[in-house]
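Spelled out, the chains give:
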Amino acid sequence: RLEGGSAHHPPPQLKSGEVRRSELGVSISLSASSSLAENLQLQAPEKKSKEVQDDQKKKVDEAYRILEEGHSRVVKELEATRHALRVREVEVRELQLISKYFAGREQPPSAQELEAAELAEELRTRCMQLSKEVEMLRAERDLLRAEKISTERRAANSSTLGS
C-alpha cells in the first residue's frame with residue numbers, strides 16, 4: 001500500500017481536501033499496474049508477432065512441400081498416362097491396318113507385313129492430299145483463265161468502241 005510510502009514510492013504529497021491517501025494509492029497502483037501491463041503488451045506483440053511469423057512460415061513451408069509433392073505425383077501420373085496413350089494409339093493403328101489389309105486371314109500378319117501395310121496407308125493418305133491439292137489448283141487455273149478471257153473481251157470491246 002502506498003499510504004505510508006515505501007522505499008520505491010515516497011508518500012504522496014496531498015493538498016488539503018483534494019484526495020485521500022487510500023484513493024490516491026489505488027490510483028497509483030492501478031497506474032503502475034497499467035503501465036506494467038502496457039509494457040508487457042508492447043513486448044508481447046513483438047514476441048507473438050515473431051512467434052506468429054515463425055509459425056506462419058512453418059505452415060507456408062509445409063503447404064509448399066505438400067504442393068510440390070502433389071505436383072511431382074501429378075507429373076509422374078501424366079507421364080505414365082501419356083506413355084499408355086501412345087501405346088494404345090499404336091495398338092489401335094495396328095488393329096486398323098489388320099482389319100483393312102489382312103481381314104479374313106487366320107494367321108496374324110508379321111512385323112514386316114504390318115510395316116508394308118503402314119507404308120501403303122501413308123502413301124494412300126499422301127495421294128489423297130495431293131489429289132485434293134490438284135483439284136484446288138485446277139479450280140484456280142480455271143478461274144484465272146475465265147478472268148483472262150473476260151479481260152481480253154473488255155479490252156477488245158473498248159478498242160472497237162474507241163476506234
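Just so we're clear, the structure is a prediction, and the values are computed from it rather than from any experiment.

## A closer look at the overall build of the chain
Helix and strand counts for the chain stand at 2 helices and 0 strands. Looking at the chain as a whole, 6% of its 163 residues qualify as buried.

## Here's the deal with the side chain of glutamate 121
Along the polypeptide, glutamate 121 turns up in helix H2 (residues 111–162). Side-chain polar atoms of glutamate 121 contact the side chain of tyrosine 101, separated by 2.7 Å.

## Some remarks on the environment of glutamate 121
Given the relative accessible area of 11%, glutamate 121 is considered buried. Separated by 21 residues in sequence, glutamate 121 and lysine 100 place their C-alpha atoms 9.6 Å apart. Every residue in contact with glutamate 121, bar those within four places of it in the chain, is listed here: Arg93, Leu97, Lys100 and Tyr101.

## Describing a negative patch on the surface
Taken together, the side chains of Glu91, Glu94, Glu115, Glu118 and Glu122 define an acidic patch exposed on the protein surface. Only helix H1 (21–101) and H2 provide two or more residues apiece to the negative patch. The leading source of residues in the negative patch is H2, at 3 residues. Tracing the backbone shows glutamate 91 in helix H1. Take glutamate 91: its relative accessible area is 40%, and that puts it in the partly exposed class.

## Structural notes on the pattern of salt bridges
By the definition in use, this model includes 9 salt bridges. Between lysine 50 and aspartate 54 there is a salt bridge; the shortest N-O distance is 3.9 Å. With lysine 50 and aspartate 54 both in helix H1, this residue pair falls 4 residues apart, about one helical turn. With relative accessibility at 49%, the residue lysine 50 sits in the partly exposed group. Using a relative accessible area of 35% as the deciding quantity, one classes aspartate 54 as partly exposed. Note that aspartate 55 is salt-bridged to lysine 59, the shortest N-O span being 3.5 Å. In this pair, aspartate 55 and lysine 59 both sit in helix H1, 4 residues apart, roughly one turn of the helix. Given the relative accessible area of 38%, aspartate 55 is considered partly exposed. Residues participating in the shared-partner salt-bridge network are Glu62, Arg65 and Glu69.

Conventions we followed
- Residues numbered from 1 in each chain as written.
- Predicted model: local features only at pLDDT ≥ 70, side-chain atom pairs only at ≥ 80, totals over all residues.
- Heavy atoms only, no water.
- Helix = DSSP H or I, 4+ residues; strand = E, 2+ residues; numbered from the N terminus.
- Buried < 20%, exposed > 50% of the residue type's maximum accessible area, 1.4 Å probe, protein only.
- Polar contact = N/O pair within 3.5 Å; in protein donor to acceptor, adjacent residues only side chain to side chain.
- Contact = heavy atoms within 4.5 Å.
- Patch = residues over 30% accessible without salt bridge, like charges linked within 9 Å, V, L, I, M, F, W, Y side chains within 5 Å.
- Areas by Shrake-Rupley, 256 points an atom, 1.4 Å probe, with all protein chains shown as cover.
- Salt bridge = Lys/Arg side-chain N within 4 Å of Asp/Glu carboxyl O.
- Lys, Arg positive; Asp, Glu negative; His and termini not counted.
- Charge placed at Lys NZ, Arg CZ, Asp CG, Glu CD.

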